[in-house]
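Chain by chain, the residues run as shown.
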Amino acid sequence: SPSRSLLRSIEDNNKNDNVVADLHPHDYAVDINVTNFDAVLRDTPATFAVVEFFAHWCPACRNYKPHYERVARLFNGPDAVHPGIILMTRVDCALKINNKLCDKFSVDHYPMLFWAPPSKFVSGGWKPKQEKNEIHIIDDARTADRLLNWINKQMGSSFGLDDEKFENEHLSSNVSDPGQIARAVYDVEEATSTTFDIILEHKMIKSETRGSLIKFLQLLVAHHPSKRCRMGSAEVLVNFDEFCPLDMDSTSKQENNDGKGALGNIQICGKEVPRGYWMFCRGSKNDTRGFSCGLWVLLHSLSVRIEDGESQFAFQAICEFVHNFFICEECRQHFYEMCSSVSGPFNNTRDFALWLWSSHNKVNERLSKEEATLRTGDPKFPKMIWPPKQLCSSCRQSQSQENSGIQWDQDEVFKFLTDYYGKKLVSIYKDKNNHESDKSGAALDDLVVSTNAFVVPLGAALAIAVASCAFGALACYWRSQQKSRKPRKSWN
Ligand SMILES: Cc1cc2nc3c(=O)[nH]c(=O)nc-3n(C[C@H](O)[C@H](O)[C@H](O)COP(=O)(O)OP(=O)(O)OC[C@H]3O[C@@H](n4cnc5c(N)ncnc54)[C@H](O)[C@@H]3O)c2cc1C
């Protein structure tokens, strides 16, 4: 009888937690409702979204759920097989709060599925026979197979229900498609957040390294391509003395349960980052690309954003940062050698951006040989002297021969880098941020502006690094400024 089986399941639950998982299999599709519908669809890095409108009492919907979940397993969550491509969501129209939302999409039967780029759902709707709507109804989705077929037809993809992680045959190379860099904005957030997690986990903030971290944070506050990372970095910077007191080496009072100290509670690029996966930097095999690729992209994107007068500061901040905090011994050693071989100070953005580009190419050149011998590289993303012709034909001088060394047109290379790591990198992101109306965000944004205006021209980075007490005073000043300012919007 039902009551007996219920009792049995409670008993079993007490014995073994796994049973609970069996009784309530993990949901991959994201439940959304009217309160977070716009925010979830605006903030997702995914290129497309599926929204299922259903009602929890509807038997057909209950029967359909395992089909929908089989497809959602492929795309949603940190363990997704193909993360960051499609966001699978559902809205329960039986909940009163969702009435208006379901009406906006003319939901007249359950389940009803829609497909569009996520941003089209934000403040969007759907009406039957409406022309020119970028939101499409999915008209053949009765089983998991049919839903995935419909998606494959729409995207020209070949996803399979039995795909396993890292069978990334569908990955298109970023060598020929300059537009792909727009997806890297999520990777620079991921890399920034991962960097700070590593620093804290490995307790790398010491009296001799905290100055370098402060410098790097200043660079992030002023020039990180992601607004939320700028805001998070500003928060860390302003409270740095509290988070990392000068006597940090000797004291254990800063430690909380996870041993990361007070900084461990800060999510430097917002609460959903790190997401646990990579977009532009995703490898076609497990353990390739990812973090180190994201870090390179972050460094290049900083290099093209700085002002001429900040170039020497940026050079020092990046060199010291890699030396003190990049947890790859060979990488730090080589990079440090390249930093040490620079003779004069940098006077402008161009020279510094080109130095970083050519240093990265030196690493590429070395690794291309190593990876060919050891077969450790990613076959879909072989190391190469960059940018290839397909990305920038004008970067190479016309008489340039591949086998006698490439003759670069450095003005063209700089122009290309500025466009690629500047405008293109934030092209999808900017649109999304224009919708932000969060007040605390606006206040912090204002702080970021004041930090940028105040610190960099004064060269306070060095002063702060040397004298932490001066930093305390600056922090107080910033806080009082922040309170007295009116919120200011977009800083992009
Ligand atoms: C500072 C630093 C030093 C490193 N040193 C070493 C090392 O000594 N030994 C080692 O084994 N690994 C090193 N690595 C890791 C290595 O360089 C790669 O990051 C890693 O192998 C992943 O490679 P990838 O194919 O994702 O491309 P990456 O080399 O990580 O490049 C990421 C993306 O940047 C773009 N790019 C490529 N070249 C350039 C360029 N010259 N200028 C601008 N953009 C470019 C491409 O779009 C590429 O996809 C280092 C990483 C960093 C951040």
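This is a predicted model, so every value here is computed, not measured. (Residues numbered from 1 in each chain as written. Predicted model: local features only at pLDDT ≥ 70, side-chain atom pairs only at ≥ 80, totals over all residues. Heavy atoms only, no water.)

A. Just the overall build of the chain, in detail. Broken down by element type, the chain carries 20 helices and five strands. Out of the 492 residues belonging to the chain, those deemed buried represent 49%. Restricting to contacts in the chain with at least 6 residues of sequence separation, those with at least 24 account for 72%. As displayed, the chain offers around 24,500 Å² of accessible surface, 51% of which is attributable to carbon and sulfur atoms. (Helix = DSSP H or I, 4+ residues; strand = E, 2+ residues; numbered from the N terminus. Buried < 20%, exposed > 50% of the residue type's maximum accessible area, 1.4 Å probe, protein only. Contact = heavy atoms within 4.5 Å. Areas by Shrake-Rupley, 256 points an atom, 1.4 Å probe, with all protein chains shown as cover.)

B. Seen up close, the confidence of the model for the chain. Per-residue confidence for the chain averages 81 on the pLDDT scale, and 76% of its residues sit at or above 70. Every residue in residues 1-24 scores below 50 in pLDDT, and together they form five contacts with partners more than four places removed in sequence or on other chains. The model gives residues 475-492 a pLDDT under 50, and that stretch makes 40 contacts with residues more than four places away or in other chains. Both confidence scores are given for the complex: pTM 0.76, ipTM 0.99. (pLDDT = per-residue confidence, 0-100.)

C. Spotlight on the packing of helix H8 (residues 184-201) against helix H12 (residues 291-303). Remark: H8 packs on H12, axes separated minimally by 8 Å, with the N-to-C direction vectors making an angle of 110 degrees. With respect to H12, the element H8 is oriented roughly perpendicular. Judged by residue contacts, Ala184, Asp187, Val188, Ala191, Thr192, Thr194, Thr195 and Ile198 of H8 engage Phe291, Gly294, Leu295, Val297, Leu298 and Ser301 from H12. The residue inventory of the contact of H8 with H12, partitioned by class, reads eight nonpolar, five polar and one charged. (Axes fitted to C-alpha atoms, helices over the stretch in contact; angles between N-to-C directions. Parallel < 35°, antiparallel > 145°, perpendicular 65-115°, else oblique. Nonpolar A, V, L, I, M, F, W, Y, C, P; charged D, E, K, R; others polar.)

D. Here's a closer look at the site of the ligand. Surveying the vicinity of the ligand reveals 24 residues, the closest of which are Arg289, Glu330, His360, Asn364 and Tyr421. A distance of 3.5 Å separates a nitrogen atom of the ligand from a polar side-chain atom of histidine 300. Here a nitrogen atom of the ligand sits 2.9 Å away from a polar atom, N or O, in the side chain of asparagine 364. If the ligand stood free it would expose 940 Å²; the protein chains cover 91% of that surface. Contributions of two or more residues to the shell around the ligand are made by H12, helix H14 (329-340), helix H15 (349-374) and helix H16 (410-423). Of all the elements, H15 adds the most residues to the shell around the ligand, at seven residues. Residue composition of the shell around the ligand, grouped by class: 13 nonpolar, seven polar and four charged. (Near = heavy atom within 4 Å. Polar contact = N/O pair within 3.5 Å; in protein donor to acceptor, adjacent residues only side chain to side chain.)

E. Looking closely at the state of the cysteines. In the structure shown here, the tally under the stated rule is six disulfides. The disulfide partner of cysteine 319 is cysteine 339, and the gap between their sulfur atoms is 2.1 Å. A torsion of -90 degrees about the S-S bond marks the disulfide between cysteine 319 and cysteine 339 as left-handed. Of this pair, cysteine 319 sits in helix H13 (residues 311-325) while cysteine 339 is found in helix H14, placing the two residues 20 residues apart along the sequence. (Disulfide = S-S within 2.5 Å.)

F. Structural context of the pattern of salt bridges. By the definition in use, this model includes 21 salt bridges. With a closest N to O distance of 3.1 Å, arginine 275 and glutamate 189 form a salt bridge. On the criterion of sequence distance, the pair formed by arginine 275 in the loop between helix H11 (240-243) and H12 and glutamate 189 in helix H8 is long-range, its members being 86 residues apart. Each member of the pair, arginine 275 as well as glutamate 189, is classed as buried. Each of the salt bridges in this network shares a partner with another, and the network as a whole consists of Asp27, Asp31, Glu52, Lys65, Glu69 and Arg90. (Salt bridge = Lys/Arg side-chain N within 4 Å of Asp/Glu carboxyl O.)

G. Molecular detail of a nonpolar patch on the surface. Taken together, the side chains of Val34, Leu95 and Ile97 define a hydrophobic patch exposed on the protein surface, amounting to about 240 Å² of accessible area. Tracing the backbone through its elements, the reader meets isoleucine 97 in the loop between strand S3 (86-92) and helix H5 (99-104). (Patch = residues over 30% accessible without salt bridge, like charges linked within 9 Å, V, L, I, M, F, W, Y side chains within 5 Å.)

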